[in-house]
Amino acid sequence: MSKPLFDAVLFDFDGTVVDSSEGIYNSVLYALEAFGYPRPDEQALRYFIGPPLQHSFMHLLDVDETRAQALVEKYRERYRSQGVREVRLYDGVRPLLVQLKGSGIQLGVASSKPVPFIREILSLLEIGSCFDYVSGIDFTQNDPDKEALIRKAIEGLKLPAGSRVLMVGDRHFDIDGAHRAGLPCAAVLYGFGSREEFERAGADFIVDSPSVLSAILLGPQG
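Below or above, wherever it landed, is the structure these notes cover. All values reported here derive from a predicted model rather than from experimental measurement.

1. Some words on the packing of aromatic side chains
Move 1: A complete count under the given rule lists six aromatic pairs for this structure.
Move 2: Pairing F11 with F131 gives two aromatic rings, centres 6.1 Å apart and planes at 90°, and the pair type is edge-to-face. Placement of F11 in strand β1 (residues 8-11) and of F131 in the loop between α6 (115-124) and β5 (133-137) is noted, with a sequence separation of 120 residues between them.
Move 3: Judged by its relative accessible area of 9%, F131 falls in the buried class.

2. Points about the pairing of strand β6 (residues 165-169)
Move 1: Among the five residues that make up β6, five are buried, leaving the element largely enclosed by the rest of the structure.
Move 2: Where burial is concerned, the two faces of β6 agree: the one with V165, M167 and G169 and the one with L166 and V168 are both buried.
Move 3: Two elements, β1 and β6, share four bridges in a ladder whose sense is parallel. Across the sheet, residue V9 finds its bridge partner in β6, namely L166.
Move 4: Strand direction decides the pairing type here: β6 and strand β7 (residues 185-188), joined by three bridges, are parallel. What sits directly across from M167, in β7, is C185.

3. Comments concerning the side chain of D170
Move 1: Topologically, D170 is positioned in the loop between β6 and α8 (172-180).
Move 2: Discounting chain neighbours no more than four positions away, the residues touching D170 are D12, D14, G15, T16, V188, G191, F192, G193 and F198.

4. A word on the sheet that holds β5
Move 1: Taken together, the six strands give an open sheet; going across it, the order is β5-β4-β1-β6-β7-β8, and neighbouring strands pair in parallel fashion. Since the sheet does not close on itself, it has two edges, and those belong to β5 and β8 (205-207), each with one partner. Averaged over neighbouring strand pairs, the angle between their axes works out to 20° when direction is ignored.
Move 2: Sheet analysis places strand β4 (residues 106-114) next to β5, joined by four bridges and oriented parallel. Each residue of the ladder has a partner; that of A110, found in β5, is S135.

What counts, and at which threshold
Residues numbered from 1 in each chain as written. Predicted model: local features only at pLDDT ≥ 70, side-chain atom pairs only at ≥ 80, totals over all residues. Heavy atoms only, no water. Phe/Tyr/Trp six-rings, centres within 6.5 Å; stacked < 30°, edge-to-face > 60°. Helix = DSSP H or I, 4+ residues; strand = E, 2+ residues; numbered from the N terminus. Buried < 20%, exposed > 50% of the residue type's maximum accessible area, 1.4 Å probe, protein only. Pairing = 2+ DSSP bridges. Contact = heavy atoms within 4.5 Å. Axes fitted to C-alpha atoms, helices over the stretch in contact; angles between N-to-C directions.

Below, the structure is given as C-alpha cells:
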C-alpha cells in the first residue's frame, strides 16, 4: 500500500458527512411559523445548509441581527428535541472514514454547527471514534468564521509542522475558509453545493462520491 497523500483531513459536517436536511428544514419551518413568516420554497430552504444560521435567516428574511438570533433560538428549540435525530450518513462515508483511519490519517470536523449537536449525531451514527477532533461553535456564537474553525481544528489535531491537510466541504464557505487558512479544498457534489459554485470559488478538487475522494486522499492503492 502506498503512502497517503495527506496526513489529515478536515470535514465539514452538514452536507459532507451527513445529510441533515430533514431536521434542518423542519426546524427552520418551525421557527418561521412561530414568528408568522410564510413557508419558503425548496431553494430557499437549501440555503440553510452550510452558512451560519443567523446569516441564513438575515439573508432569507432581510431582518436585523436581533430578529435573526431570535429565529435561531426558536430553530434550536425544535432541533435540540427532534431535528438532531432526523439525519442520515451519506452512502460511502462510513467505509471512507474507516479506510482513512486505517491508513493513519488523522480526521477532524470543522463545522459552523454547535459542537454538542455534532457529537450527538456522531454518537447516534456510531462514527464518533473515527474523528480525532471536532471544531464547531458554542451556542453563543452568531457568525462563526470558517477559517477560524479550520485553524482551530488544525490546532486541536496537534499536527507536526509541514503536515499535509485537506479540507472537504460542500459549499463555497468551506473552499473560501480553507484557502484563507492555506489549505486545499475538495468539494463534494453529493451535498448541497453545485459544480458552478465550486468552480467559481476555486475548489482544488471536485468529487461526486466518497470513493473518488478516497482516491485523492490515498493515491493509487495496490
